[in-house]
Amino acid sequence: MSGLPFRFFTVHVLRTARVGAGFVRVTFGGAELHGFVSGGRDQRFKLFLPHPGQDLPVMPDPSDPDWFTAWRALDPAVRGIMRTYTVRELRKAGQRSAELDVDFALHGDTVPASGWAQAARPGDRLVILGAVEEDNGGVDFRPPPGTDSVLITADATALPAVAGILAWLPADLPAKVWIEIPHADDRRELPSRADTVVTWLIGDGATPVLEAVRAAELPGSTPYAWIGGESAVVKALRRHLVSERGIDRRAITFTGYWKRGSSEDDLIAEVTD
Ligand SMILES: Cc1cc2nc3c(=O)[nH]c(=O)nc-3n(C[C@H](O)[C@H](O)[C@H](O)COP(=O)(O)OP(=O)(O)OC[C@H]3O[C@@H](n4cnc5c(N)ncnc54)[C@H](O)[C@@H]3O)c2cc1C
């Protein structure tokens, strides 16, 4: 996500709310946020967190087209901590004011993003790298022409993306959805015009969602599948859909939202070192 159509925005926390046992919803605002745009669906963006004791994350020159190289050259103990999140909702009022909701799945208070969200207070500031055009590379849910049904699997981290996808789907398209969450009270309404069947599974690992999909009858003859969640689970589900169900691999979008045992810093280092 470098260069156009993305840019950096400094934002601050307007308010926070606990959503079920497993999430904190942080609502961001700020004068700059009005330029931020969402293409809907699973629109992702980068956020940069300050280290303890910093008021704002330490960032490279925001106008540098190669900001990533410049960010990587900064001391990891000082530079903004980069994480990937999803637009849960972007609301704009008039020409100036915008609010961005982000749902943080909680998985510990000593890790950077989950810990930051749990402690966030109105006025706390951070930097986001987000889209400035609706058609942007931070949207991955792109069903090919001819898709006659949709199949979605997700865990808690991908639940915000699923909410955006279901809100975007056309009327009456059959969509089967499996969502694995750690707590029963994290179930929520997922409004959609599509013909959705949502199955909630309570668990924190590989088996419930994989077993549920294995046992399911899938709708349509040219389905499009979107898989988001823990990396190993995502890979196993994709393997099942390609090898055992014969779904065209080009009609599957799969994204590891996190990897057990690795922080996002470890994952960035894996691909760039
Ligand atoms: C495209 C995309 C969109 C995403 N959108 C969202 C979103 O909207 N909301 C959201 O909550 N997350 C989202 N994520 C996932 C989020 O980026 C990761 O969970 C991230 O690792 C959280 O950063 P952290 O600083 O809390 O933990 P890290 O410092 O990255 O990791 C610390 C430890 O926690 C483990 N860990 C990370 N996530 C989890 C988890 N969920 N459960 C259990 N252990 C975990 C890691 O394996 C590691 O051992 C998204 C990821 C991607 C790729």
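How each quantity is defined
Residues numbered from 1 in each chain as written. Predicted model: local features only at pLDDT ≥ 70, side-chain atom pairs only at ≥ 80, totals over all residues. Heavy atoms only, no water. Helix = DSSP H or I, 4+ residues; strand = E, 2+ residues; numbered from the N terminus. Rg over C-alpha atoms; globule rule 2.2 N^0.38 Å. Buried < 20%, exposed > 50% of the residue type's maximum accessible area, 1.4 Å probe, protein only. Contact = heavy atoms within 4.5 Å. Lys, Arg positive; Asp, Glu negative; His and termini not counted. Charge placed at Lys NZ, Arg CZ, Asp CG, Glu CD. Pairing = 2+ DSSP bridges. Axes fitted to C-alpha atoms, helices over the stretch in contact; angles between N-to-C directions. Domains from an automatic or database assignment. Buried area = accessible area lost by both parts, 1.4 Å probe. Salt bridge = Lys/Arg side-chain N within 4 Å of Asp/Glu carboxyl O. Polar contact = N/O pair within 3.5 Å; in protein donor to acceptor, adjacent residues only side chain to side chain. Nonpolar A, V, L, I, M, F, W, Y, C, P; charged D, E, K, R; others polar. Core = buried A, V, L, I, M, F, W, Y, C linked by side-chain atoms within 4.5 Å. Near = heavy atom within 4 Å. Areas by Shrake-Rupley, 256 points an atom, 1.4 Å probe, with all protein chains shown as cover.

> An account of the overall build of the protein is needed here, citing residue identities and associated values.
Helix and strand counts for the protein come out as six helices and 12 strands. At 19 Å, the protein has a C-alpha radius of gyration in line with the 19 Å of a compact globule built from 273 residues. When the backbone C-alpha atoms are referred to their principal axes, the protein occupies close to 50 × 45 × 35 Å. A buried classification covers 46% of the 273 residues belonging to the protein. For the protein, the share of sequence-separated contacts (at least 6 apart) that also reach a separation of at least 24 residues comes to 71%. Side-chain charges of the protein comprise 30 positive and 36 negative groups, with the mean position of each set lying 1 Å from the other.

> Give a detailed account of the sheet that holds strand E4 (residues 81–86), specifying residues and quantitative values.
One open sheet holds the seven strands; their spatial order is E4-E3-E7-E1-E2-E6-E5, and the pairing between them is antiparallel. Strands with a single pairing partner mark the edges of an open sheet, and in this sheet they are E4 and strand E5 (89–93). Along the sheet, successive strands turn relative to each other by an average axial angle of 35°, direction set aside.

> Account for helix H2 (residues 112–119), naming residues and giving values.
By the burial criterion, the buried members of H2 are Ala113, Ser114, Gly115, Trp116 and Ala117. At its buried positions, H2 is contacted by strand E1 (6–19), strand E2 (23–29), strand E3 (44–49), E4, strand E6 (97–105) and strand E7 (125–131).

> So, the domain arrangement of the protein: which residues are in play, and what are the values?
Where interface size is given, it is often the accessible area lost as the parts come together that is meant. Looking at the assigned domains, one finds that the protein contains domain 1 (6–136) and domain 2 (149–258). Here the C-alpha centre of domain 2 lies 26 Å away from the C-alpha centre of domain 1. Listed per partner, the contact involves 12 residues of domain 1 and 15 residues of domain 2. A buried area of about 1,200 Å², summed over both sides, lies between domain 1 and domain 2, and 61% of it is on carbon and sulfur atoms. Considering only the surface of domain 1 that becomes buried against domain 2, Phe23, Arg41 and Arg88 emerge as the three largest contributors, covering 46% of it. One can count one salt bridge joining domain 1 with domain 2. In this structure, arginine 188 engages aspartate 103 in a salt bridge whose closest nitrogen and oxygen atoms are separated by 3.2 Å. Our count for the contact surface shared by domain 1 and domain 2 stands at five residue pairs in polar contact (both at pLDDT 80 or more). Sorting the residues of the side of domain 1 that touches domain 2 by element identifies E2 and E6 as the ones contributing at least two each. Taken together, the residues that form the side of domain 1 that touches domain 2 break down as four nonpolar, three polar and five charged.

> Could you give me a rundown of the nonpolar core, with the residues and numbers involved?
Ranked by size, the top nonpolar core spans 26 residues in total, and within it Phe141, Ile152, Val162, Leu169, Ile179 and Trp226 carry the most contacts. When contributions to this core are tallied by element, the ones reaching two or more residues are strand E8 (149–155), helix H3 (159–168), strand E9 (174–181) and strand E11 (223–230). Residue contributions to this core peak at six residues, all from H3. Inspection of this core shows a minimum of three residues originating in each of domain 1 (6–136) and domain 2 (149–258). Setting aside its immediate chain neighbours within four residues, tryptophan 226 contacts Asp42, Phe141, Leu151, Ile152, Thr153, Ala154, Ala158, Ala161, Val162, Ile165, Thr253 and Tyr257. Judged by nonpolar contacts, the second largest core, of 25 residues, contains Tyr85, Ala98, Ala113 and Ala117.

> Would you mind going over the site of the ligand in detail, with residue names and values included?
Lining the immediate surroundings of the ligand are 24 residues, of which Arg83, Thr84, Ala105, Ala113 and Lys259 lie closest. One of the side-chain N or O atoms of arginine 83 is found 2.7 Å from an oxygen atom in the ligand. In this structure, alanine 105 approaches the ligand through a main-chain N or O atom, which is 2.7 Å from an oxygen atom. Coverage of the ligand by the protein amounts to 86% of the 940 Å² it exposes when considered alone. Among the secondary structure elements, those contributing two or more residues to the shell around the ligand are E4, E6, H2 and strand E12 (252–258). Top element by residues in the shell around the ligand is E4. It accounts for four residues. Taken together, the residues of the shell around the ligand sort by class into nine nonpolar, nine polar and six charged.

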